[in-house]
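# Structural features, examined
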Amino acid sequence: MFRKTKKDKWKKYANQSAKDFEKFAKWAPSHKTKLLAEFASVEEGIEDVSHMYDSAIKSACEGSNISDGGLVYETASAHDLEQGNITTASHHYGQAHNSYLKWAAKCKANHLILHSF
């Protein structure tokens, strides 16, 4: 929500959620790297956010949970689009769609088609 609204109250909730999440991060490393990339993408002046997303993608793809890949690719696509990297955003969006189809999440895959950029 912070990315869309830029309201500080959402940032506060995100920070608290991140603290709570640390308890479970060892069981879901791709979620942790995605979360760090998400925080970095909304902060001003943090460089190498794209590398953080790449790390999250790699972590998600190495794991056995297909849904992780879809989520990470989709959020990476949003970041790429905000940065004006249309080609990379399109690639990540397509990979998200493919991941959701592999996961058999057809409604989510169709949602991406209907709400593409």
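Predicted, not measured: the structure shown is a model, and the values here were computed from it.

## A look at unusual backbone geometry
A negative phi holds for most residues other than glycine; trans holds for most peptide bonds. Positive phi outside glycine occurs at A104, with the angle close to 70°. Checked against the element boundaries, A104 lands in the loop between helix 6 (86-102) and helix 7 (106-114). On the basis of relative accessibility, which here comes to 57%, the residue A104 falls in the exposed class.

## Re the environment of I57
Structurally, the position occupied by I57 is in helix 4 (residues 49-62). Remark: the alpha-carbon pair of I57 and D68, spanning 11 residues in sequence, is separated by 8.5 Å. If we skip the residues at most four places from it in the chain, I57 touches V72, Y73, A76 and H92.

## Focus: the nonpolar core
With 16 residues, the main nonpolar core has Y53, I57, V72, A96, Y100 and L112 as its most contacted residues. Elements supplying a minimum of two residues to this core: helix 3 (29-42), helix 4, helix 5 (66-82), helix 6 and helix 7. No other element matches the 5 residues that helix 4 contributes to this core.

## A look at a nonpolar patch on the surface
Together, L81, I86 and F117 line one region of the surface with nonpolar side chains, adding up to about 270 Å² of accessible area. Tracing the backbone through its elements, the reader meets F117 in the segment after helix 7.

Reading guide: rules and limits
Residues numbered from 1 in each chain as written. Predicted model: local features only at pLDDT ≥ 70, side-chain atom pairs only at ≥ 80, totals over all residues. Heavy atoms only, no water. Helix = DSSP H or I, 4+ residues; strand = E, 2+ residues; numbered from the N terminus. Buried < 20%, exposed > 50% of the residue type's maximum accessible area, 1.4 Å probe, protein only. Contact = heavy atoms within 4.5 Å. Core = buried A, V, L, I, M, F, W, Y, C linked by side-chain atoms within 4.5 Å. Patch = residues over 30% accessible without salt bridge, like charges linked within 9 Å, V, L, I, M, F, W, Y side chains within 5 Å. Areas by Shrake-Rupley, 256 points an atom, 1.4 Å probe, with all protein chains shown as cover. Salt bridge = Lys/Arg side-chain N within 4 Å of Asp/Glu carboxyl O.

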